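Residue-level structure breakdown
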Amino acid sequence: MSDLRLVLLGVAGRMGRMLTQVVPDTLGVKLVAALEPAGSSTLGVDSGAAFGQGPNGVLVTSDIHAALANADVVIDFSRPEATVAMAHAAAQAKVAHVIGTTGFSNDDLESIARAARDTAIVRSGNMSLGVNLLAVLVERAAKALGPAWDAEIVEMHHRLKVDAPSGTALLLGEAVARGRSVDLAAHSARGRDGVSGARPTGEIGFASLRGGTVVGDHTVIFAGAGERIELSHRAEDRGVFARGALAAALWTRGKPSGLYSMADVLGLSGA
């Protein structure tokens, strides 16, 4: 079987750089295009020489349509507005789309879901195996314990992260909500200040910490009467997300149109 032809969107970002380094060591994948917005200072440079382990002959470009004309899949860790535009361009070109971008609005998510009618899209707030296994465990715990156990999600990231709560924290919050068969938006509390009153039963709390160079720490706390359960994941380098995204990209080969998650990729959906 021929190598999967891969496009990277946001190649100059933290995850784009990491992917450029990891792709050469991944069997079955070939980088064919590296994208940055028009006006970027990186346009025209060799993506491997600039961000990877050595020259790879793939020059950074802003021409999305040319890139998609010779591609099987796009991996995208960019910004919400760029991801939504790419989702529709990829759908039109029948190119699969792996989305690791976070910070979407509800309208953005609806737009991505529409694009998934025409191509396979894998979207996750976190691409690591460990985090997605954690989400399964969190959902099971939430179902077993019920809303009488208070659920709090604490996350910490590097000082430059621009969105909060993190996409991973929201992924874990959705796992709690699924376990309880409730809507997360109707039951979440995102930060407390002043006299906030007693904690309502069934509330799913979020706390976001920012500082230093932390890659990503997440803990889900279930607090009951006289006892507490804490389920945690700590990412030590961004390579775990890059390798997960590449696994998702390889998984999309031959998949029908639809919106998928990393639980689908890992065979954990419905576990």
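Residues numbered from 1 in each chain as written. Predicted model: local features only at pLDDT ≥ 70, side-chain atom pairs only at ≥ 80, totals over all residues. Heavy atoms only, no water.

**Some points on the sheet that holds strand S9 (residues 204-210)**
Going by this rule: Two strands pair if DSSP finds at least two bridges between them. Numbering goes from the N terminus for both helices and strands, where a helix is a DSSP run of H or I of at least four residues and a strand is a run of E of at least two. All axes here are fitted lines through C-alpha atoms, helices being fitted over the stretch that makes contact, and every angle between N-to-C directions spans 0 to 180 degrees.
Across the sheet, five strands lie side by side as S8-S9-S7-S10-S11; this open sheet has mixed pairing. Two strands in the sheet have a free side with no partner beyond their single neighbour: strand S8 (188-190) and strand S11 (227-235). Sheet twist, expressed as the average angle between the axes of neighbouring strands with direction ignored, equals 15 degrees. Pairing between strand S7 (residues 150-157) and strand S10 (residues 216-224): seven bridges, direction antiparallel.

**Some words on the environment of Leu43**
What counts is decided by this rule: Between two residues, a contact is recorded if the distance between any of their heavy atoms is within 4.5 Å.
Checked against the element boundaries, Leu43 lands in the loop between strand S2 (29-35) and helix H2 (47-51). Separated by 212 residues in sequence, Leu43 and Lys255 place their C-alpha atoms 32 Å apart. Non-local contacts of Leu43, meaning those with residues more than four positions away in its chain, are made with Glu36, Pro37, Ala38, Val60, Thr61 and Ser62.

**Details of the pairing of S2**
Here is the rule: Burial classes follow relative accessibility: with a 1.4 Å probe on protein chains only, a residue under 20% of its type's maximum area counts as buried, one over 50% as exposed, and anything between as partly exposed. With the strands pointing away from the viewer, any crossover whose connection runs clockwise from the first strand over the helix to the second is right-handed.
Counting buried positions along S2 gives five out of seven residues, so the element sits mostly inside the fold. In the sheet, strand S1 (residues 4-9) pairs with S2 via six bridges, with the strands oriented parallel. Its bridge partner lying in S2, Leu6 is registered against Leu31. Between S1 and its parallel partner S2, the chain crosses via helix H1 (residues 14-22), and the hand of that crossover is right-handed.

**Overview of the sheet that holds S2**
The strand order S3-S2-S1-S4-S5-S6-S12 describes an open sheet built from seven strands, whose pairing is parallel. In this open sheet, the two edge strands, each paired with only one partner strand, are strand S3 (60-61) and strand S12 (258-260). Where helix H4 (residues 80-93) meets the sheet, its contacts fall on S1, S2, strand S4 (73-76) and strand S5 (96-99), and the angle it forms with S5 comes to roughly 160 degrees. Its contacts with the sheet put helix H9 (residues 239-251) on S1, S2, S4, S5, strand S6 (120-123) and S12, and the angle it makes with S4 is roughly 155 degrees.

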